[in-house]
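Next come the chains, spelled out residue by residue.
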Amino acid sequence: MVDQSIAGAGTMATASDGDRSGRARIAILALCLGLAVAVLLSLTSGASDASAVGVVGDWLLGAAPGNEAMSARDRLIVYDIRLPRVTLGVLIGAALAVSGAVMQGLFRNPLADPGLIGVSAGASLGAVSVIVLGATVLAPVTSMLGTLALPLAAFCGGLATTLLLYQVASRHGQTSVATMLLAGIALAALAMALTGILIFMADDRQLRDLTFWQLGSLAGATWQKIGSVGPVIVLALAAMPFLARGLNALALGEATAGHLGIPVQRLKYTAIVGVSAAVGASVAVSGGIGFVGIVVPHLLRLAIGPDNRYLLPAAALLGACLLLLADAVARTIVAPAELPIGIVTAIAGAPFFLWILLRKRGVVDL
Amino acid sequence: MIEARNVSVAIGGKGIVANVDFDMRPGEIAAIVGPNGSGKTTFLRALSGDLAYSGEVTINGRDLSVMKPVEAAMLRAVLPQATTLSFPFTVREIVRLGLLGGRSGALPGEDERLPERALARVDLDGFAGRFYQELSGGEQQRVQLARVLCQVWAPVLDGKPRYLFLDEPVSSLDIKHQLIIMNIARDFARTGGGVVAILHDLNLTAMYADRIFVMHRGRLAATGSPQDVLSDDLIEKVFDCRLRVGMLPAGDMPFVLPQSVY
């Protein structure tokens, strides 16, 4: 019983020992506040001097006659440029972070990330197909689906990759990390090669679109784009909390999750479809924004533990905050030009990923 | 009541278990013994609903093959041989997963305190705040047992017996904790539940099992009470080892049996 006395030293054993739900709730509240601040900051900052203080004043006093809190130009900048961009940033940051967390729960591995294991590449392939072939080979389909064609194609690409990956990497309910990462690399390479063929076929105008889109950016956010991908992301995010308990059980292995009464097969497919939808929609509108899905859940697990009931909502909030922050950097660091946000997240995220690997050396069975 | 008729399991086209009949009544500990690779775990996994099987399995008269996971989870809890985690859960968070189905059978409002009580039963008082991954193999095994106990805390629910399926529950434990765990199993059976346990220690088996199922090369080699089953002939045939049952070691050679607890 030596161990026990060590455990008891320092902190008295209490009824809440090992229960981190209280801490998690506080963290979620703090993140809500953080997100509110990040949204306000994003609305106030930008190349023009239109101020969100003016916007808030406008909301509060808008009804008052003769209120001059905001000029028409400012109103245009805030409502039609910054607000859609902020909305998109929140949606995509949340989608990417939650997708990462769900995927890590599904593969029972903290290194799974839609960007790393080829899901984003598959979604890109779907999206590029529509951009390049939309006017020719796929014309009947795209004209029928309208603005939904791009997100839908990205979703299908992401879904196909995830399903294939799961088939390859899982055997008897066990997922081999090495197989998963290597298969992900192979699938990503294949998807990128096919994307390459499409790019090779593209004309000059399409090429410019593609290049910028592939680097990942929130620029060019419009209410129309949000209208086409927003519902998909919101729906996928709304479904994720229902997976939380099942994903917790899945941490013990597929068989044990089943013994606890979880319908494992249904859980897996819901998770895969949800992640593909969220990632597909994100990729369709903003290109490849990497590392949000791995950095955010990892930081949160350190802070509030791996319980998905709290991890998933916290990841949505922190992902949204971080993406707004990254977007602020992207917009201001080389102003008046703009850096693609994917470059910002990769520069910050890649070293972080290496740090995780270094810390986990010996724990992760690569 | 658990009844299995003519159960066979093949994995990847290879027959692992063939034509096993198995019966157990509530109130009993049924031990499955046999050499490594004789199909014990595979049979238990079929009984748990993890593997496709041919033949028929019923639990409390209901066909296992048409049970939903949540229905089966109400009737039995399963302790696997070993469980590794890739996320830093605390012991309490793991044990609480046993309450996921919400049918522990404890009095209303008591579920919140069950993890503590289950941990105390497996002699892990004060471990709730520790990280699972930092525990020794034996401690991890006991944490998992505490989780399993939470799932079927009441051995009888709605008038129907419930079951514990334990795959080598004591294999990584010291002798003190082997006895503690086997006594938990016995209590569970005495209060109306049933226990199916894969065991390797024949002395422990003789001490606790009401009925022994001996498996050999995927088939049932013998079944019955410890007195009927554990014979020199059977041990030689099944374990390929010439051992005399009940013979004391020569001279002053010390020996310690679980039965000798005083």
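Residue indices follow the written sequence of each chain, beginning from 1 at its first position. Chains carry letters and ligands carry numbers; both start at the beginning, A for chains and 1 for ligands, and go up in the order they are written. For a predicted model such as this one, the threshold for reporting local features is a pLDDT of at least 70, and the threshold for listing and counting side-chain atom pairs is 80 or more; totals across whole chains, interfaces and linings nevertheless cover every residue.

Secondary structure counts use DSSP, requiring at least four H or I residues in a row for a helix and at least two E residues in a row for a strand, with both numbered from the N terminus. Scanning chain A from terminus to terminus reveals 16 helices and 2 strands. Expressed as a percentage of its 366 residues, the buried residues of chain A come to 50%. Residues are treated as contacting if the C-beta atoms built from their backbones sit within 7 Å of each other. Within chain A, counting contacts between residues at least 6 apart in sequence, those at least 24 apart form 80% of the total. Buried means a residue has 20 or more other C-beta atoms within 10 Å of its own C-beta, exposed means 12 or fewer, and partly exposed covers the counts in between; C-beta atoms are placed from the backbone.

Along chain B, the regular secondary structure elements total 9 helices and 12 strands. Against the 2.2 N^0.38 benchmark of 18 Å for 262 residues, chain B shows a C-alpha radius of gyration of 19 Å, consistent with a compact globule. With respect to the principal axes defined by its C-alpha atoms, chain B has extents near 55 × 50 × 35 Å. We compute the radius of gyration from the C-alpha atoms alone; for a globule the expected value is 2.2 Å times N to the 0.38, where N is the number of residues.

With that out of the way, let us pick up the sheet that holds strand 12 (residues 219-224) of chain B. As a general point, the strands of a sheet are linked pairwise by backbone hydrogen bonds and lie either parallel or antiparallel. Residues and elements named next belong to chain B. Two strands are said to pair when DSSP picks up at least two bridges between them. Spatial ordering of the open sheet is given by 6-9-10-3-11-12, a layout of 6 strands whose pairing is mixed. For this open sheet the edge positions go to strand 6 (76-79) and strand 12, each flanked by a neighbour on one side alone. Recorded for the sheet is a direction-independent mean angle of 15 degrees between the axes of neighbouring strands. Two elements, strand 3 (residues 29-33) and strand 10 (residues 194-198), share 4 bridges in a ladder whose sense is parallel. Considered in strand 10, the bridge of Ala30 is made with Val196. Here, axes are lines fitted to C-alpha atoms. For helices the fit covers the stretch in contact, and angles between N-to-C directions go from 0 to 180 degrees. Across the sheet, helix 1 (residues 40-47) is in contact with strand 3, strand 9 (163-167), strand 10 and strand 11 (211-216); its angle to strand 10 comes to roughly 150 degrees.

Turning to the nonpolar core, a few remarks are in order. A:Ala95, A:Val98, A:Ala281, A:Ala314, A:Ala315, B:Ala185 and B:Val195 are the most contacted members of the largest nonpolar core, which totals 188 residues. Sort the elements by how many residues they give to this core and helix 4 (residues 72-106) of chain A lands first, with 16 residues. Excluding its chain neighbours within four sequence positions, the residues that come into contact with A:Ala315 are A:Ala97, A:Val98, A:Ala101, A:Val296, A:Pro297 and A:Leu300. Here, a nonpolar core means buried Ala, Val, Leu, Ile, Met, Phe, Trp, Tyr and Cys residues linked by C-beta atoms lying within 7 Å of one another.

Next up on the list: the environment of A:Pro110. Within the fold, A:Pro110 resides in the loop between helix 4 and helix 5 (119-133). In this structure A:Pro110 comes out as buried when scored by C-beta crowding, with 23 C-beta atoms within 10 Å. In the structure, A:Pro110 is positioned 243 residues away from A:Phe353 in sequence and 11 Å away in space, judged by C-alpha atoms. The residues touching A:Pro110, leaving out its near neighbours within four places in the chain, are A:Gln104, A:His298, B:Ser86 and B:Phe87.

With that settled, consider the confidence of the model for chain B. Every residue gets a pLDDT, meaning the predictor's confidence in that residue, from 0 to 100. Within chain B, residue pLDDT values average 94, and 100% of them lie at 70 or more. Interface predicted TM-score (ipTM) for the complex: 0.93; the corresponding pTM is 0.87.

Moving on: unusual backbone geometry. Residues and elements named next belong to chain B. In this structure, Asn19 is a non-glycine residue whose phi angle is positive, near 50 degrees. For Asn19, the location among the structural elements is in strand 2 (residues 14-24). Classification of Asn19 as partly exposed rests on a count of 14 C-beta atoms within 10 Å. Phi at Asp158 is positive, roughly 55 degrees, even though this residue is not glycine. By secondary structure assignment, the location of Asp158 is in the loop between strand 7 (156-157) and strand 8 (160-161). Residue Asp158 is classed as exposed on the basis of its 9 C-beta neighbours within 10 Å.

All names here are of chain A. It is at 9 Å that the axes of helix 2 (residues 21-44) and helix 15 (residues 308-332) come closest, and there the two elements cross at 25 degrees. Taken as axis vectors, helix 2 and helix 15 run roughly parallel relative to one another. For the pair helix 2 and helix 15, the crossing hand works out as left-handed. Residue-level contacts link Ser21, Ala24, Ala27, Ile28, Leu31, Cys32, Gly34, Leu35, Ala38, Val39, Leu41 and Ser42 of helix 2 to Tyr310, Pro313, Ala314, Leu317, Leu318, Ala320, Cys321, Leu324, Leu325, Asp327 and Ala328 of helix 15. Of the residues contributing to the contact of helix 2 with helix 15, the split by class is 19 nonpolar, 3 polar and 1 charged. Geometric relationships in this document are graded by angle, where less than 35 degrees denotes roughly parallel, more than 145 denotes roughly antiparallel, 65 to 115 denotes roughly perpendicular, and other angles denote oblique. Handedness of each helix crossing follows the sense of rotation of the near helix against the far helix: counterclockwise by less than a right angle gives left-handed, clockwise gives right-handed. Residue type decides the class: Asp, Glu, Lys and Arg count as charged, Ala, Val, Leu, Ile, Met, Phe, Trp, Tyr, Cys and Pro as nonpolar, and the leftover types, Gly among them, as polar.

With 29 residues of chain A in contact, the opposing surface of chain B contributes 28 residues. Of all the elements in the fold, those that place two or more residues in the side of chain A that touches chain B are helix 1 (2-8), helix 11 (244-250) and helix 12 (254-259) of chain A. The biggest single contributor to the side of chain A that touches chain B is helix 12 of chain A, with 4 residues. Split into classes, the residues belonging to the side of chain A that touches chain B amount to 12 nonpolar, 11 polar and 6 charged.

With that out of the way, let us pick up the pairing of strand 12 of chain B. Where strand 11 of chain B lies against strand 12 of chain B, 5 bridges are found, and the strand directions are antiparallel. By the bridge assignment, B:Phe213 is partnered in strand 12 of chain B with B:Thr223.

This brings us to the sheet that holds strand 5 (residues 62-63) of chain B. Residue and element names in this part refer to chain B. A sheet is described by the order of its strands in space; here 4 strands give the open sequence 2-1-4-5, paired in antiparallel fashion. The open sheet has two free edges, formed respectively by strand 2 and strand 5, since each of these has just one partner strand. Where strand 1 (residues 2-11) lies against strand 4 (residues 54-59), 5 bridges are found, and the strand directions are antiparallel. Bridging from a neighbouring strand, Arg5 pairs with Glu56 of strand 4.

With that settled, consider the environment of A:Ser45. Positionally, A:Ser45 belongs in the loop between helix 2 and helix 3 (52-61). With 287 residues separating them in the primary sequence, A:Ser45 and A:Thr332 have C-alpha atoms 8.9 Å apart.

Take the pairing of strand 4 of chain B next. Working note: regular strand, side chains alternate between the two faces of the sheet. All names here are of chain B. Relative to strand 5, strand 4 runs antiparallel, the two sharing 2 bridges. Note that in strand 5 the partner of Thr58 across the bridge is Asp63. As consecutive antiparallel partners, strand 4 and strand 5 are separated by 2 residues, and within that stretch Asn60 has a phi angle of approximately 50 degrees, a positive value.

Residue and element names in this part refer to chain A. Scored by pLDDT, chain A has a mean of 82; 85% of the residues are at 70 or more. Looking across chain A, the model is least confident in helix 1, with a mean pLDDT of 39, and most confident in helix 11, with 95. Counting contacts from residues 1-13, a segment whose pLDDT is below 50, to residues more than four positions away or on other chains yields 8 contacts.

Moving on to the packing of helix 4 of chain A against helix 13 (residues 264-286) of chain A. Residue and element names in this part refer to chain A. Across the interface, helix 4 lies against helix 13 with an axial gap of 9 Å and an inter-helix angle of 145 degrees. The handedness of the crossing between helix 4 and helix 13 is left-handed. From helix 4, Leu88, Ile92, Ala95, Leu96, Val98, Ser99, Val102, Met103 and Leu106 reach across to helix 13, where they touch Lys268, Ala271, Gly274, Val275, Ala278, Val279, Ala281, Ser282, Val285 and Ser286. For the contact of helix 4 with helix 13, the per-class residue count stands at 14 nonpolar, 4 polar and 1 charged.

The next thing to look at is the environment of B:Met215. Residues and elements named next belong to chain B. Here Met215 is to be found in strand 11. Residue classification places Met215 among the buried residues on the basis of 25 C-beta atoms within 10 Å. Spatially, the C-alpha atoms of Met215 and Gly34 are 4.9 Å apart, while their sequence positions differ by 181 residues. When sequence neighbours within four positions are dropped, the list of residues in contact with Met215 reads Ile32, Gly34, Ser38, Gly39, Lys40, Phe43, Leu220 and Ala221.

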